[in-house]
Amino acid sequence: MAIAWVLRDARVTSALIGARNVEQLDGSLDALKNLGFSAAELAQIDQHAIDGGVDLWRVSSSIT
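Reference entry: report on the structure contained in this document. None of the values given here were measured: they were computed from a predicted structure.

Bringing the overall build of the protein into the picture now. Assigned secondary structure in the protein consists of three helices and zero strands. Starting at the N terminus and ending at the C terminus, the protein contains elements arranged as α-α-α. For the protein, the residues scored as buried account for 8% of the 64 residues in total.

Moving on: the pattern of salt bridges. Using the criterion set out here, one finds two salt bridges in the structure. R11 is the partner of D9 in a salt bridge, and the nearest nitrogen-oxygen pair spans 2.5 Å. Residue class for D9 comes out partly exposed when judged on its relative accessible area of 23%. On the basis of relative accessible area, R11 is assigned to the exposed category, the value being 64%. Measuring nitrogen to oxygen at the nearest pair gives 3.1 Å for the salt bridge that ties K33 to D30. Given a relative accessible area of 69%, K33 falls into the exposed group.

So, about the environment of A15. Examined against the element boundaries, A15 turns out to sit in the loop between α1 (2–7) and α2 (22–29). Of the residues examined, A15 reaches a relative accessible area of 30% and is grouped as partly exposed. Sequence separation between A15 and I3 is 12 residues, and the spatial gap between their C-alpha atoms is 6.8 Å.

Basis of the calculations
Residues numbered from 1 in each chain as written. Predicted model: local features only at pLDDT ≥ 70, side-chain atom pairs only at ≥ 80, totals over all residues. Heavy atoms only, no water. Helix = DSSP H or I, 4+ residues; strand = E, 2+ residues; numbered from the N terminus. Buried < 20%, exposed > 50% of the residue type's maximum accessible area, 1.4 Å probe, protein only. Salt bridge = Lys/Arg side-chain N within 4 Å of Asp/Glu carboxyl O.

As structure tokens, this is what we get:
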């Protein structure tokens, strides 16, 4: 699900995956079969991000 969520953003051109075995790789590649999320699913994911202190919409600070 995380891979599909990342890939739904048009600004993302690729996602790195790590797999220890073929089964893990197959599971990760299965994310490509369903890149769509409902509005309710996205709202629930966003709530977890907010609860975890992740603000995806905040402008990144530049290094000074």
